Amino acid sequence: MNPRLLRAFVAVAEELHFTRAAHRLYVAQQALSRDVHRLERELGAELFARTTRQVTLTADGERLLPYARRVLAAQDDLVAAVAGAARPLLVDVNSPGLVFGRILERARELAPDCELMARFESGLTGSAAEIAAGRLDVSFGRFAGLDPALRAGLDQQPVRYEPMAVLLPTGHPLAELDAVPLDALAGETVYAGAGNPKTLEWTGLARLLFEGRGIGIAPPAPLAVGAEEFERVMAKSRNPVLAVVDFPPMPGAELRPLIDPVPLSPVSLVWRKGLTHPGVDALRSAAAELAAEEGWLEKPADGWVPDVDVLVMTGRS
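Asker: Break down the pairing of strand β4 (residues 116-119) for me, with residues and values.
Answerer: When strand β3 (residues 89-92) meets β4, the two strands line up parallel, connected through 4 bridges. When the bridges of β4 are listed, D92 appears paired with R119. Crossover connection from β3 via helix α5 (residues 99-110) to parallel β4: handedness right-handed.

Asker: If you had to explain the pattern of salt bridges to someone new, which residues and values would you point to?
Answerer: Under the criterion given, the structure shown has 18 salt bridges. Across the pair E40 and R50 runs a salt bridge, and its minimum N-O distance is 3.2 Å. Here R50 lies in strand β1 (residues 48-50) and E40 lies in helix α3 (residues 29-43), a separation of 10 residues in the sequence. A relative accessible area of 10% places E40 in the buried class. You can call R50 partly exposed: its relative accessible area is 33%. In this structure, R160 engages E162 in a salt bridge whose closest nitrogen and oxygen atoms are separated by 3.2 Å. A residue is classified by how much of its surface remains accessible, and R160, at 10% relative accessible area, is buried. Owing to a relative accessible area of 3%, E162 belongs among the buried residues under this scheme. Each member of the salt-bridge network shares a partner with another, and the members are D92, R119, E130 and R135.

Asker: Can you lay out the nonpolar core for me, pointing to particular residues and giving the numbers?
Answerer: Counting residues in each nonpolar core, the largest one holds 47 residues, and the members touching the most others are L89, V91, I103, V138, F140, L242 and L283. When contributions to this core are tallied by element, the ones reaching two or more residues are β3, α5, β5 (138-141), β6 (154-169), α8 (200-210), β10 (241-244), β12 (262-272) and α10 (278-294). If you tally residues by element for this core, the top one is α10, at 7 residues. Excluding its chain neighbours within four sequence positions, the residues that come into contact with L283 are L89, V91, I103, L104, A107, V138 and L269.

Asker: Help me get a handle on the confidence of the model for the protein chain, residues and values and all.
Answerer: Here the protein chain averages 89 in pLDDT, and 94% of its residues register 70 or above. Ranking the helices and strands of the protein chain by mean pLDDT puts strand β7 (residues 180-181) first, with 97, and helix α9 (residues 227-237) last, with 71.

Asker: Explain the environment of E289 to me, and be specific about the residues and the numbers.
Answerer: Positionally, E289 belongs in helix α10. Placed 130 residues apart in sequence, E289 and V159 show a C-alpha to C-alpha distance of 9.8 Å. The residues contacting E289, other than those within four sequence positions of it, are R106 and L110.

Calculation notes
Residues numbered from 1 in each chain as written. Predicted model: local features only at pLDDT ≥ 70, side-chain atom pairs only at ≥ 80, totals over all residues. Heavy atoms only, no water. Pairing = 2+ DSSP bridges. Helix = DSSP H or I, 4+ residues; strand = E, 2+ residues; numbered from the N terminus. Right-handed = clockwise from strand over helix to strand, strands pointing away. Salt bridge = Lys/Arg side-chain N within 4 Å of Asp/Glu carboxyl O. Buried < 20%, exposed > 50% of the residue type's maximum accessible area, 1.4 Å probe, protein only. Core = buried A, V, L, I, M, F, W, Y, C linked by side-chain atoms within 4.5 Å. Contact = heavy atoms within 4.5 Å. pLDDT = per-residue confidence, 0-100.

In structure tokens:
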């Protein structure tokens, strides 16, 4: 069986949308549809139920998905073994200035012969799909916020409970405070990535945090890329932005930590299950060293973390 057909199937199964799956695989939608139809003919089974409005997995498709992921992971491992274990490792550190960059730098010190290449994207949901597709090796983020089917093909190592913060437009009344009590955001509409398919885990965390506190989530907005666009959009919307305390400085905005309680963003190092590479070992060691040195996995007494995240971070889920 041609692995290309399985990659086409897995992409559609994870996106449940042929156009998005085609974009993800950098192929024409027509070619992707042909590959899926060919796989269905070879297996003698219908894998997707298609309507004009949605695509869903059939029972046969649900059964095939975990096997297809394992076959593709084995193929990727074979390619890596043939190419040599020291192939470049692609690591998504989300954004310059965050703690993930420090982990990457420490890993480079621990494994100087490895080529660890940084990529700057946003959102573990998007990165995890790239890892599953074999286009990315490692990322960071809230593992509990991923779809369980996607988590099944990934491994993770808890790294940090990162205190959360809020970016306030310059001149906002709350910007006069050194730290912002969470209840002070009642009545505000806070941007938390709503509408961005790559950051679903972050928006989900915000919903859990804001629930019952009278804090609204800002509606979807175009993604601001670059400091100038960020400043323009913030000046126009005047919406606070949910962030973390290590978020890099942005023009036209003031970063303030959140308190009472201190909300914590659970961060894990994430990679494809079964991936063996000295760069992954170095990243895991670097993350563990920094976490121990700086108490990243110690929760403050007034820290807030969703129960589902605690279970994942402690290995009980």
